[in-house]
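This is what each chain is made of:
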Amino acid sequence: METEELLYEGKAKKLFKKPNSSELRVEYLDQATALNGKKKDEIKGKGALNNQITSYLFQLLAEKGIQSHFIKKISKHEQLIEMVEMIPLEVVVRNVAAGSFSKRLGINEGTSLPEPIIEYYYKDDALDDPFINQDHIYYLGLATVDELEEIRMLALSVNEALQDIFEKINIRLVDFKIEIGKTEQGKMLLADEISPDTCRLWDSLTNAHLDKDIYRRDLGDILPVYQEVFNRLEKEFTSCI
Ligand code: ADP
Ligand code: UDP
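Quick caveat: nothing in here was measured; it's all calculated off a predicted structure. (Residues numbered from 1 in each chain as written. Chains lettered and ligands numbered in written order. Predicted model: local features only at pLDDT ≥ 70, side-chain atom pairs only at ≥ 80, totals over all residues. Heavy atoms only, no water.)

So, about the overall build of the protein chain. Counting its secondary structure elements, the protein chain contains six helices and 14 strands. Its C-alpha atoms give the protein chain a radius of gyration of 17 Å, within 12% of the compact-globule value 18 Å for 241 residues. In the protein chain, which comprises 241 residues, the proportion classed as buried is 50%. Put simply, of all contacts in the protein chain between residues at least 6 apart along the chain, 57% involve residues at least 24 apart. (Helix = DSSP H or I, 4+ residues; strand = E, 2+ residues; numbered from the N terminus. Rg over C-alpha atoms; globule rule 2.2 N^0.38 Å. Buried < 20%, exposed > 50% of the residue type's maximum accessible area, 1.4 Å probe, protein only. Contact = heavy atoms within 4.5 Å.)

We now examine the site of ligand 2. Inspection of the region around ligand 2 gives 15 residues, with Arg-94, Ser-100, Asp-175, Arg-200 and Arg-216 positioned closest. Between an oxygen atom of ligand 2 and a main-chain N or O atom of Thr-198, the distance comes to 3.4 Å. Take Arg-200: an N or O atom from its side chain is 2.7 Å from an oxygen atom of ligand 2. Coverage of ligand 2 by the protein chains reaches 76% of its 510 Å² of free accessible surface. Of all elements in the fold, only strand E9 (89-96), helix H2 (99-105), strand E12 (171-182) and strand E14 (199-203) reach the threshold of two or more residues within the shell around ligand 2. Broken down by class, the residue content of the shell around ligand 2 amounts to five nonpolar, three polar and seven charged. (Near = heavy atom within 4 Å. Polar contact = N/O pair within 3.5 Å; in protein donor to acceptor, adjacent residues only side chain to side chain. Areas by Shrake-Rupley, 256 points an atom, 1.4 Å probe, with all protein chains shown as cover. Nonpolar A, V, L, I, M, F, W, Y, C, P; charged D, E, K, R; others polar.)

This part is about unusual backbone geometry. Phi at Asp-129 takes a positive value of approximately 45°, unusual for a residue other than glycine. Turning to its location among the elements, Asp-129 is positioned in the loop between strand E10 (112-122) and strand E11 (131-132). Assessed through its relative accessible area of 17%, Asp-129 is described here as buried. In this model, Asp-218 sits at a positive phi of 55°, which is unusual for a non-glycine residue. Structurally, Asp-218 is set in the loop between helix H5 (213-216) and helix H6 (222-236). Residue classification places Asp-218 among the exposed positions, given a relative accessible area of 60%.

Turning our attention to the nonpolar core. In terms of nonpolar packing, the biggest core is built from 53 residues, with Leu-61, Ile-151, Val-158, Leu-162, Ile-194 and Leu-233 touching the most fellow members. At nine residues, the largest contribution of residues to this core is made by helix H4 (residues 145-168). (Core = buried A, V, L, I, M, F, W, Y, C linked by side-chain atoms within 4.5 Å.)

Right, let's get into the site of ligand 1. Residues in contact with ligand 1 amount to 17 residues; listed here are only the nearest, Tyr-8, Lys-11, Ala-12, Lys-13 and Glu-179. One of the backbone nitrogen or oxygen atoms of Ala-12 is found 2.6 Å away from an oxygen atom of ligand 1. Contact distances for ligand 1 include 3.1 Å between a nitrogen atom and a backbone N or O atom of Val-84. Computed on the free molecule, ligand 1 has an accessible area of 550 Å², of which 89% lies beneath the protein chains in the complex. At the level of elements, strand E2 (13-17) and strand E7 (78-82) are the ones that each hand at least two residues to the shell around ligand 1. Broken down by class, the residue content of the shell around ligand 1 amounts to nine nonpolar, two polar and six charged.

Right, let's talk about the packing of aromatic side chains for a bit. In this structure the tally under the stated criterion is three aromatic pairs. With a centroid separation of 6.3 Å and an interplanar angle of 35°, the aromatic rings of Phe-58 and Phe-70 are classed as tilted. Linking Phe-58 in helix H1 (residues 46-63) with Phe-70 in strand E6 (residues 70-75), this pair joins segments that are twelve residues apart in sequence. Comparing Phe-58 with Phe-70 shows no difference in burial state: the two are buried. Ring geometry for Tyr-121 versus Phe-131: centroids 5.3 Å apart, planes at 45°, classification tilted. Here Tyr-121, found in strand E10, pairs with Phe-131, found in strand E11; they are ten residues apart in sequence, far enough to count as distant. We classify Tyr-121 as buried; its relative accessible area is 11%. The exposure class assigned to Phe-131 is partly exposed, which follows from its relative accessible area of 41%. Cation over ring: Arg-104 sits above Phe-131, and NZ or CZ is 4.0 Å from the ring centre. (Phe/Tyr/Trp six-rings, centres within 6.5 Å; stacked < 30°, edge-to-face > 60°. Lys NZ or Arg CZ within 6 Å of the ring centre and 35° of its normal.)

Nothing here speaks to function; it is geometry throughout.
See the structure below:
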C-alpha cells in the first residue's frame, strides 16, 4: 500500500497527502472546539455527521454550478478532496444578525439584514483570527483587488445556493463561514467544509439552533441536532448520494 503523509492535523479534521497526486484524504474528527480551541471535547459521531453533511452540500452546490474541492465521500468520516493553496481568510456571509456581529454592533440577534453582509477574518490562530477589512487584505498580500472581488462574488453565490437548499428543509441560513483556495492552475475553489460547525442554522418554524451554538453556548448535546440536519437533507435530496 502507498504511504500517505499526514499533511495537517487541525481542530476538526486531519489531511493526508497521497504520493504523486494532488488529491488529499480528509478525516473528520470526533472533536468539538470553540473559543479558538480553548473549549474542547470529544463527541463520538460528530465527525461522521459533518463529513456526510458537507458531502451533501458540496454535491448540491456542484449541481447549482458552484465547484469545490470535493471529489467524493469515501466513508462515513472520510472524503477525497483536491489539494489547493489556502487563502488564509475566513469569509463570513450574514443574512441575519447573530454572534459577534450582534455583539460588535449592538444589533439584536435575529434581526434580518436587508442585504447579505460579507466580513473577512484573517485566519491565524496565534492572533485569534482577527476581523480585517479590504485594505488589510491588500496590505497583507492575501488577495489582489480582482481576486477579492472574485471571492466576494463566490461568497454571494454560495449564499444564494445554500439559502435555496436550506429553505427546502425548513432551515433559516443565518450566517456561515467559507474558506477558499487556489488550484495549481490559479483557479479559485471553494474548500474546507460547510456544516453545522461553520453555519448558523435556525429551524424556520421554532428558531431552534441546529448548529454549533448549542456547544458554544452550553445549550445541550450537538449530536441530535447535527443528526436532524443530516436527516432533513437525506429526506429531501435522496437522489444526491
Ligand atoms: P483548523 O485549521 O481551523 O483547526 P480544521 O481542523 O478543519 O481547521 O483543519 C482543516 C485545514 O485544512 C484548515 O486549515 C483548512 O484551511 C485546510 N484545508 C481545507 N481544505 C483544503 C484543501 N482543499 N487543500 C488544502 N488545505 C485545505
Ligand atoms: N465561524 C466559523 N469558524 C470560525 C468563526 C466563525 O465557522 O472560526 C462561523 C460561525 O459558525 C458562524 C459565522 O462564522 O456561522 C459567524 O461567526 P461569528 O463571527 O458570529 O462568531 P462567533 O459568534 O462564533 O464568535
